[in-house]
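# Close look at the chain arrangement
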Amino acid sequence: MFNGSPFVVGPPSDSSDGLVPCGLKPFPFEADGMREAVELTRDLVSIPSHEDETAAGDAIEAWLREETDAEVTRDEAGSVIARKGDDASETLALVGHHDVVPPADEQVDDAGEYVVSERDGRLYGRGTADMKGSVAAAMLAFRDADPACELVFASFVGEETDGRGAETAIANGLVPDYAIVGEGSTDYSAEGVTDVVVAHRGRRGSTISASGEAAHASEPEAGVNAVYRACDAVDLIREMEPPATTVLGHDIEGSLAVTGVHGGETWNVIPESCTVHVDERTVPGEYAPLEDVTEIDGVEWTVDSDLPPMACDDEAFADLVLAAARDAQEGDPQLTTKPHATDAGRLAAAGTTCVVCGASEPGEAHTKSESVGVDALARCYRIYLHTAESLGA
């Protein structure tokens, strides 16, 4: 585990609160890394990747091979992974994904190509926020960093669907000591600030299956109503307390919701089966006791999916990234939590100490007007670069 921060108290400045990385000078906020991050983001966003990520992965791989001397590989899932730096005892990964959700009609032209535009200090287009902007910032930071640790860049496929990119990479041995996952953390504590997320919720999807005995509805006592049994299970779920925990002094709460009930085919027949779908937002180390519904006669419980939550398990690493964030912007970033599951959960479950730090703001991802702030891209570049050159220094 990381046991100390290479940040030392230096001459106070408006941006760093007196924290200056050893051997590094604060960046000029208005210029450094900004235009190149914008142009690289535009290039990546212009490549459709909602059905097939291959072309976007090809572009990332080609850029890394041309712009860096790193060892660049493409795994069987299609994820792009690059490594540089000496064979140090610590490894830091800058992690993102280059798949996107399907674009809205407004985000493609008549030929079906992605539309990218820039106005009022923002880039618009599918994938600008989630999350090719942060991928571009990570690529530039990876190229420019002179790390004291082993530095890894990884852009996964399948994050928006089945998580196969992260899962394949982890199965192949990509379990770095530390990772910054570039999902959104901008404007969480205040407008115009890129924060550092130390915990996020996971998602567990479950199906409650109730069985009974069919009968004619004119003689309901002749059967066993599966819908009633399912309703008993729903009543029990409504009484459950959602999970909650605390990570590095920050409270994070889950939620529990029934999102669908399906049973019965005709109005005059007592149904013999009924299913209930449950969405549970989990927190690190805690689940709601959904297994209790199986104490009801004829009721079974099945877990359909379980995207793990994330909790940073090393306060010193969180403080290191926070210090880099403070040095990289004029605002006052904070450690915070995030409601959405990310690939950080999968990495954390495998043993990587993670934080989330990225350019996207709440309410931008997956929308028809998706956009990212140009200044946020530059901030992320500087945060990633500072952290890479500070860890192990």
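## Describing the pairing of strand 8 (residues 150-156)
For a regular strand, the rule is simple: side chains alternate between the two faces of the sheet. Most of strand 8 is tucked away, with 7 of its 7 residues classed as buried. Of the two faces of strand 8, the one lined by Glu150, Val152, Ala154 and Phe156 and the one lined by Leu151, Phe153 and Ser155 are each fully buried. Relative to strand 8, strand 4 (residues 80-84) is paired through 5 bridges, and the arrangement is antiparallel. Looking at strand 8, one finds that Ala82 is bridged to Phe153. Pairing of strand 5 (residues 91-97) with strand 8 involves 7 bridges; the strand directions are parallel. Looking across to strand 8, one finds that Leu94 is bridged to Phe153.

## Here we look at the layout of surface pockets
Taken as a whole, the largest pocket spans an internal volume of roughly 540 Å³. Asp130, Glu159, His340, Ala341 and His366 are the residues nearest the centre of the largest pocket, which is lined by 24 residues in total. Each residue belonging to the lining of the largest pocket can be placed in one class, and the counts come to 7 nonpolar, 7 polar and 10 charged.

## Points about the nonpolar core
In summary, soluble globular proteins display a tendency toward joint burial of nonpolar side chains. Counting 62 residues, the largest nonpolar core has Leu64, Leu92, Phe153, Ile180 and Tyr384 as the members making the most contacts within it. No other element matches helix 8 (residues 374-390), which puts 10 residues into this core. The residues touching Ile180, leaving out its near neighbours within four places in the chain, are Leu92, Ala93, Leu94, Val95, Phe317, Val321, Val355, Cys357, Tyr384 and Thr387.

## What to know about helix 7 (residues 343-350)
Because each turn of an α-helix spans 3.6 residues, side chains separated by three or four positions end up pointing in the same direction. If you check which residues of helix 7 are buried, you get Asp343, Ala344, Gly345, Arg346 and Leu347. The distance from a side-chain oxygen at the start of helix 7 to the backbone nitrogen of Ala344 is 2.9 Å, and the residue carrying that oxygen is Thr342. Following helix 7 by one or two positions, Gly351 adopts a phi angle in the positive range, close to 120 degrees.

## Details of the pattern of salt bridges
For the structure on display, the rule yields 23 salt bridges. One salt bridge in this structure joins Glu61 and Arg65, with 3.1 Å as the shortest N-O distance. Of this pair, Glu61 and Arg65 are both found in helix 2 (residues 54-67), 4 residues apart, which corresponds to roughly one turn of the helix. In this structure, Glu280 engages Arg204 in a salt bridge whose closest nitrogen and oxygen atoms are separated by 2.7 Å. Remark: Arg204 occurs in strand 11 (residues 202-211) and Glu280 occurs in strand 17 (residues 273-282); sequence separation between them is 76 residues. The exposure class of Glu280 is buried, given its relative accessible area of 0%. Three or more residues joined by partner-sharing salt bridges are found here, namely Arg35, Glu39, Arg42 and Glu118.

## Some details on the sheet that holds strand 18 (residues 299-307)
Through backbone hydrogen bonds, the strands of a sheet pair up, either in parallel or in antiparallel fashion. What the 4 strands build is an open sheet, ordered 15-17-11-18; its pairing is antiparallel. Two strands in the sheet have a free side with no partner beyond their single neighbour: strand 15 (255-263) and strand 18. Sheet twist, expressed as the average angle between the axes of neighbouring strands with direction ignored, equals 20 degrees. Alignment of strand 11 against strand 18, held across 8 bridges, turns out to be antiparallel.

## Considering the sheet that holds strand 6 (residues 117-119)
A sheet is described by the order of its strands in space; here 3 strands give the open sequence 6-7-22, paired in antiparallel fashion. Edge positions in the open sheet fall to strand 6 and strand 22 (371-373), since each of these has one partner strand only. On average, each strand axis in the sheet is inclined to that of its neighbour by 25 degrees, with strand direction left out of account. Contacts from helix 1 (residues 34-45) reach strand 6 and strand 7 (122-124) within the one sheet, and its direction differs from that of strand 6 by about 145 degrees. Helix 3 (residues 128-144) contacts strand 7 and strand 22 of the sheet and is inclined by roughly 45 degrees relative to strand 22.

## Things to note about the side chain of Glu61
In this structure Glu61 comes out as buried when scored by relative accessible area, which is 16%. Apart from residues no more than four positions distant in its own chain, Glu61 is found in contact with Val72, Arg74 and Val80.

## A look at helix 6 (residues 315-327)
With 13 residues, helix 6 should reach 18 Å at 1.5 Å per residue; the first-to-last C-alpha distance of 18 Å fits that figure. One side-chain oxygen of the residue at the start of helix 6 lies 3.1 Å from the amide nitrogen of Ala316, identifying that residue as Asp314.

## Things to note about the environment of Ile252
Tracing the backbone through its elements, the reader meets Ile252 in strand 14 (residues 250-253). Given the relative accessible area of 4%, Ile252 is considered buried. On a C-alpha basis, the gap between Ile252 and Glu330 in space is 27 Å, while along the polypeptide they are 78 residues apart. In this structure, Ile252 is in contact with Ala199, His200, Arg201, Ala244, Thr245, Val247, Val283, Pro284, Thr337 and Lys338, ignoring residues within four places of it in sequence.

## Concerning empty space enclosed by the protein
Tallied over the entire structure, the rule returns 2 cavities of 30 Å³ or more. The computed volume of the largest cavity comes to approximately 40 Å³. In terms of lining residues, the largest cavity is bounded by Leu94, Val95, Gly96, Met131, Ser134, Val135, Ala138, Ile180, Gly182 and Tyr384. Contributions of two or more residues to the lining of the largest cavity are made by strand 5 and helix 3. Of all the elements, helix 3 adds the most residues to the lining of the largest cavity, at 4 residues. Counted by class, the lining of the largest cavity contains 7 nonpolar, 3 polar and no charged residues. Its volume calculated, the second largest cavity comes out at about 30 Å³. Taken together, Val95, Gly96, His97, Met131, Phe156, Glu159, Val181, Glu183, Thr342 and Asp343 form the lining of the second largest cavity. The dominant element in the lining of the second largest cavity, judged by the number of residues it contributes, is strand 5, at 3 residues.

The rules behind these values
- Residues numbered from 1 in each chain as written.
- Predicted model: local features only at pLDDT ≥ 70, side-chain atom pairs only at ≥ 80, totals over all residues.
- Heavy atoms only, no water.
- Buried < 20%, exposed > 50% of the residue type's maximum accessible area, 1.4 Å probe, protein only.
- Helix = DSSP H or I, 4+ residues; strand = E, 2+ residues; numbered from the N terminus.
- Pairing = 2+ DSSP bridges.
- 1 Å grid on protein atoms, 1.4 Å probe; cavity = no way out; pocket = protein on both sides within 12 Å on 5 of 7 lines; lining within 4 Å.
- Points joined across faces, edges and corners; volume = space filled by probe spheres on them.
- Nonpolar A, V, L, I, M, F, W, Y, C, P; charged D, E, K, R; others polar.
- Core = buried A, V, L, I, M, F, W, Y, C linked by side-chain atoms within 4.5 Å.
- Contact = heavy atoms within 4.5 Å.
- Polar contact = N/O pair within 3.5 Å; in protein donor to acceptor, adjacent residues only side chain to side chain.
- Salt bridge = Lys/Arg side-chain N within 4 Å of Asp/Glu carboxyl O.
- Axes fitted to C-alpha atoms, helices over the stretch in contact; angles between N-to-C directions.
- Expected span 1.5 Å × (residues − 1).

Such coordinate-based values are descriptive only and should not be taken to indicate function.
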